[in-house]
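Structure assessment
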There are 2 protein chains.
Amino acid sequence: MEEFLQKARQLLAQRGYKWTGPRRDIIHALLRESYQHISAEELHALMQKQGYEIGLATVYRTLELLVETGLVHKLQFGDGCSRYELAEEDHHHHHLVCARCGKIYEVAMDLLEELEHKIELDHDFAISGHHLQFYGTCSACKKQMREKRDE
Amino acid sequence: MEEFLQKARQLLAQRGYKWTGPRRDIIHALLRESYQHISAEELHALMQKQGYEIGLATVYRTLELLVETGLVHKLQFGDGCSRYELAEEDHHHHHLVCARCGKIYEVAMDLLEELEHKIELDHDFAISGHHLQFYGTCSACKKQMREKRDE
DNA sequence: ATTCTTGCAAAACCTTTGCATACTG
DNA sequence: CAGTATGCAAAGGTTTTGCAAGAAT
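Treat the numbers as computed from the prediction; the structure is a model and nothing was measured.

Contacts to DNA strand D come from 21 residues, most closely from Tyr60 of chain A together with Lys18, Arg23, Thr58 and Arg61 of chain B. Atoms of DNA strand D within 4 Å of the protein belong to the sugar or the phosphate in 67% of instances, the rest to bases. Here Lys18 of chain B contributes a side-chain N or O atom positioned 2.7 Å from a base nitrogen of DNA strand D. The contact in question runs from a phosphate oxygen of DNA strand D to an N or O atom on the side chain of Arg23 of chain B, over 2.8 Å. Those elements that place two or more of their residues in the surface near DNA strand D are helix H4 (56-69) of chain A together with helix H2 (21-32) and helix H4 (56-69) of chain B. The element contributing the most residues to the surface near DNA strand D is H4 of chain A, with four residues.

See below:
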């Protein structure tokens, strides 16, 4: 938590960006909501509700900045907006998107490394990140569908 | 090409949808541009230029229909719009997105099956599809960056 | 001081929707 | 003919931008 803030502060300084109140608050809010995949508008609304006076444009700009710096990942789940999550070094994972209820589950796994390596060699492409999503039906929805069918 | 059209016609009929001129034209256009990941607006503009009189709303509606039917995949590369590609049965692949030039390369590969299987068991999640993208720097851009550095 | 950042409102985009007309099965 | 599909224009939602005022180094 604190270390993430320090890292962010340092990385921004390194690139000539300033350390401001709004930026600190946004990172704080992201840390508090780190379990979620939050959209810019949701984050803005949440912060408003928690008493932070911050403009929506600033939220967008700051998130973009954090993505550019590699501190935050920008995700597209196809629901009409971009979603963001903290880039935690030791928490590589993929996403399971339930097509029925829309819920998103995380899968910690790194079997992708072998594949990445092969691609880097085969395509002469320097991979800096990946984004893997699986679509399907989650456990809860499968259960509901069974129950509905048996009525 | 022809077979894809037939398959589409049949699948749509099966679900009570009608086979119309605009739908045929859109699928034709998609087949012609099958090497691309085209957006709805791009497809619309292209068709206009080629002399087809078609409304943008129809393009959106038809693409949505084709996605729903499984004939087309909807992709999000984070550039602000949805992109579409034909779902060719024998052409499973992933995408390499160059962070510098934005170009998108395809990698044919199916090493993911093992991983999928493990997830289905571990998470009781019925996977119906996946979406894997790698981000990084492509060969051409790496070369340009080397040259620029050496100037 | 200079440069960067913010907030607001307006603009820019992409996508969806309502409705009257036209078409398919 | 009944039920869909289309085109247009308008509306909706998300994200970006211009600009004057405010903050950080």
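Read on for the rest.
As summarised here, the arrangement of the six strands in space is E5(A)-E4(A)-E6(A)-E6(B)-E4(B)-E5(B), forming an open sheet in which the pairing is mixed. One side of each edge strand has no neighbouring strand; the edge strands of this open sheet are strand E5 (104-108) of chain A together with strand E5 (104-108) of chain B. On average, each strand axis in the sheet is inclined to that of its neighbour by 25 degrees, with strand direction left out of account. Relative to E5 of chain A, strand E4 (residues 93-98) of chain A is paired through five bridges, and the arrangement is antiparallel. Considered in E5 of chain A, the bridge of Leu96 of chain A is made with Tyr105 of chain A. Helix H5 (residues 112-123) of chain A contacts E4 and strand E6 (126-137) of chain A together with strand E4 (93-98), E5 and strand E6 (126-137) of chain B of the sheet and is inclined by roughly 130 degrees relative to E6 of chain A. Contacts from helix H6 (residues 139-149) of chain A reach E4 and E6 of chain A together with E6 of chain B within the one sheet, and its direction differs from that of E6 of chain A by about 15 degrees.

Before going further, it helps to examine the domain arrangement of chain A. The parts lose accessible area when they come together, and the size of an interface is often stated as this lost area. Residues and elements named next belong to chain A. Parsing chain A into structural domains produces domain 1 (1-90) and domain 2 (92-151). Inter-centroid distance (C-alpha atoms) of domain 1 to domain 2 is 24 Å. Contact with domain 1, which involves eight residues of that partner, is made by eight residues of domain 2. Taking both sides of the interface into account, the surface hidden between domain 1 and domain 2 amounts to around 640 Å²; carbon and sulfur atoms contribute 56%. Area buried by domain 1 at its contact with domain 2 is led by His37, Phe77 and Glu85, which between them contribute 60% of it. Summed over the shared surface of domain 1 and domain 2, the number is zero salt bridges. Applying the counting rule to domain 1 against domain 2 returns four residue pairs in polar contact (both at pLDDT 80 or more). Its residues placed into classes, the side of domain 1 that touches domain 2 shows two nonpolar, two polar and four charged.

Reading guide: rules and limits
Residues numbered from 1 in each chain as written. Chains lettered and ligands numbered in written order. Predicted model: local features only at pLDDT ≥ 70, side-chain atom pairs only at ≥ 80, totals over all residues. Heavy atoms only, no water. Near = heavy atom within 4 Å. Polar contact = N/O pair within 3.5 Å; in protein donor to acceptor, adjacent residues only side chain to side chain. Helix = DSSP H or I, 4+ residues; strand = E, 2+ residues; numbered from the N terminus. Pairing = 2+ DSSP bridges. Axes fitted to C-alpha atoms, helices over the stretch in contact; angles between N-to-C directions. Contact = heavy atoms within 4.5 Å. Domains from an automatic or database assignment. Buried area = accessible area lost by both parts, 1.4 Å probe. Salt bridge = Lys/Arg side-chain N within 4 Å of Asp/Glu carboxyl O. Nonpolar A, V, L, I, M, F, W, Y, C, P; charged D, E, K, R; others polar.

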